[in-house]
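Listed here are the chains, written in short residue letters.
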Amino acid sequence: MKVVQQTFTLLTLKERPIGVWILSSLTAAIGLLIFLSSNSSIDWFGLVCIALANLMMFSSPVKTCQFDKQYHWVVFKQKGWLGTKVIHVPIYQVTGVQVEPLNLFGLQLYRLRLILLSGEPFYLTPIPSTDCKLQQKLARTIGNFINR
């Protein structure tokens, strides 16, 4: 996620999974080449590659998060191939921002989480990242914006 707009009353963050889209396109192309070059009537490996590419593409939405002090809302939108999902949270319910570390098979990953009054976890970055400094910078930016 990165900051795309910041004013006194509005903070907008956006994440485009371009790397996943490129990887899924390459996987689909490889699968198609394998499928077309196969001698058998149905090449299962090529079909699996194409199916995997479609799964990656469809499950990688563009995420946008707006902190709007004028209308007192945090709006989290995920727009993907299969539709759009929008979540509204009143901005007064956000008490802070936290970089949450995860350890997955010895690899240190980080997620950005809003701390809500209700205690319910609200992840701005549902897919963890290895870039701790970026997550900390985003957390500081959001925290400064909310506390202004």
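Conventions and cut-offs
- Here the residue numbering is sequential within each chain, running from 1 through the sequence in written order.
- Only residues with pLDDT of 70 or above have their local features reported here, since the model is predicted, and side-chain atom pairs are shown and tallied only from 80 upward, although totals for entire chains, interfaces and linings are computed over all residues.
- Heavy atoms throughout the structure, all of them, feed into the side-chain values; hydrogens and water do not.
- Going along the chain from the N terminus, every DSSP run of H or I of four or more residues is numbered as a helix, and every run of E of two or more is numbered as a strand.
- Think of it in three bands: with a 1.4 Å probe and only protein chains considered, a residue is buried below 20% of the maximum accessible area for its type, exposed above 50%, and partly exposed in between.
- We count Lys and Arg on the positive side and Asp and Glu on the negative side, and we leave His and both chain ends out.
- Salt bridge criterion: a side-chain nitrogen from Lys or Arg within 4 Å of a carboxyl oxygen from Asp or Glu.
- Polar contact criterion, stated in full: a pair of N or O atoms within 3.5 Å, where within protein one must be able to donate a hydrogen and the other to accept it, and residues adjacent in sequence count only if both atoms are side-chain atoms.
- What makes two residues a contact is simply this: any of their non-hydrogen atoms within 4.5 Å.

Draft legend 1. Here's a closer look at the environment of Ser60. As for its position among the elements, Ser60 is in the loop between helix H2 (44-58) and strand S3 (62-68). When its relative accessible area of 9% is taken as the criterion, Ser60 is described as buried. Along the sequence, Ser60 and Gln78 sit 18 residues apart, while their C-alpha atoms lie 9.1 Å from each other.

Draft legend 2. The arrangement of unusual backbone geometry in detail. For His72, which is not glycine, the phi torsion reads 65° and is therefore positive. Mapped onto the secondary structure, His72 falls in the loop between S3 and strand S4 (73-80). Phi is positive for Phe105, which is not a glycine, with a value near 55°. Within the secondary structure, Phe105 sits in the loop between strand S6 (94-104) and strand S7 (107-116). Given the relative accessible area of 84%, Phe105 is considered exposed.

Draft legend 3. Spotlight on the side chain of Lys69. Checked against the element boundaries, Lys69 lands in the loop between S3 and S4. No salt bridge is formed by the buried Lys69, whose closest oppositely charged neighbour, Asp68, lies at an N-O distance of 9.8 Å. Here Arg148 takes part through its backbone oxygen, which lies 2.9 Å from a polar atom of the side chain of Lys69. Beyond its immediate sequence surroundings of up to four residues, Lys69 is in contact with Phe8, Thr9, Ile91, Phe145, Ile146 and Arg148.

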